[in-house]
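Take a look at the letters that make up each chain.
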Amino acid sequence: MFKKLRIRTKILLAFALIAVITVVTIAVVAFSISQSTLEEESFNKLTAVREMKASQIEDYFQFIRDQLVTQSNDRMMIDAMNAFSTNYYTVDDDLGLDSSTILAKREELLTYYQDEFLERLVPNLLLEVEAQEYLPSEKLPLAMQDIYISANPYETGSKHLLDNPGDSSRYSETHELYHPIIRDFLERFGYYDIFLVDPQGNIVYSVFKEVDFGTSLISGPYADTNFGEVFRTALAAVEPGAVY
């Protein structure tokens, strides 16, 4: 059929075919270049976002380091650390904690662990645990946790709202003086919690009064946690202002 066409028609069809092939070729090349350009642009944007996020994270951790160093040199925080460290060990004498009183406090605290603590902990574990595995065995942490946790009138998650439990201990007087200030710092900067740990490894203060309050980071259930590890690293530091 093509042979029967006139020369003029054949020439027009040939030019039309060449034009179509040229247009298609240009379109394919343009699409390929456009796709490559878009991919490169997207990659560059993602790279820029990654670098910006990395910079933001680095700035955030530097901000925390600066705050920690500043707080460690703050006279109020130094006084608070000294007062909490000293008065933590006087609770026994201040409150006259005999064996029957400690036994009663232990039962109250055990009830709290079973009803509140384990209910939130067990769903996150693969193994079943008993409350006794986490319950403090020594007198001071037992007493402190009973006063500030199990006997605390505020609900779980709001234990930090208690300034003074109303006992006659020097620790509670210290707590009433410094706790509102440290709590305000935590709330303003959005920290999960703030702890003061003495050189013996005892958590002598925390804002939220969770079940690690009053316990040891050298022995006991929290010694092998990341918290315990970073404490021991900080304790071994020789340079002032070191942050871990």
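Right above here is the structure, for reference.
Small disclaimer: the values here were computed from a predicted structure and weren't measured. (Residues numbered from 1 in each chain as written. Predicted model: local features only at pLDDT ≥ 70, side-chain atom pairs only at ≥ 80, totals over all residues. Heavy atoms only, no water.)

**Student:** How should helix α2 (residues 75-88) be read in this particular structure?
**Tutor:** Structurally, the α-helix is built with 3.6 residues per turn, so residues lying three or four positions apart point the same way. If you check α2, its first and last C-alpha atoms are 20 Å apart, about what 14 residues at 1.5 Å a residue would give, namely 20 Å. Taken together, the buried positions of α2 are M77, A80, M81, A83, F84, S85, N87 and Y88. The backbone nitrogen of M76 lies 2.9 Å from a side-chain oxygen of the residue at the head of α2, namely D74. (Helix = DSSP H or I, 4+ residues; strand = E, 2+ residues; numbered from the N terminus. Expected span 1.5 Å × (residues − 1). Buried < 20%, exposed > 50% of the residue type's maximum accessible area, 1.4 Å probe, protein only. Polar contact = N/O pair within 3.5 Å; in protein donor to acceptor, adjacent residues only side chain to side chain.)

**Student:** Help me out: how do you make sense of the packing of aromatic side chains in this one?
**Tutor:** Overall, the coordinates contain 12 aromatic pairs when judged by the stated rule. Plain terms: the ring middles of F195 and F227 are 4.7 Å apart, the flat faces sit at 55° to each other, and that makes the pair tilted. With F195 in strand β1 (residues 195-197) and F227 in helix α7 (residues 226-235), this residue pair connects regions lying 32 residues apart in the sequence. Among the residues examined, F195 registers a relative accessible area of 25% and is labelled partly exposed. Relative accessible area serves as the criterion here: at 25%, F227 is assigned to the partly exposed category. Grouping aromatic residues by their ring pairs yields a cluster made of F84, Y148, Y171, Y178, Y205 and F213. Here K209 stacks its cationic end above the ring of F213, 5.4 Å away from the centre of that ring. (Phe/Tyr/Trp six-rings, centres within 6.5 Å; stacked < 30°, edge-to-face > 60°. Lys NZ or Arg CZ within 6 Å of the ring centre and 35° of its normal.)

**Student:** Sorry if this is basic, but what is going on with unusual backbone geometry here?
**Tutor:** Apart from glycine, the bulk of residues carry a negative phi angle, and the bulk of peptide bonds sit in the trans form. Of note in the backbone geometry, K209 takes a positive phi value of approximately 55° without being a glycine. Along the chain, K209 falls in the loop between β2 (203-206) and α7. The class for K209 is buried, based on a relative accessible area of 2%.

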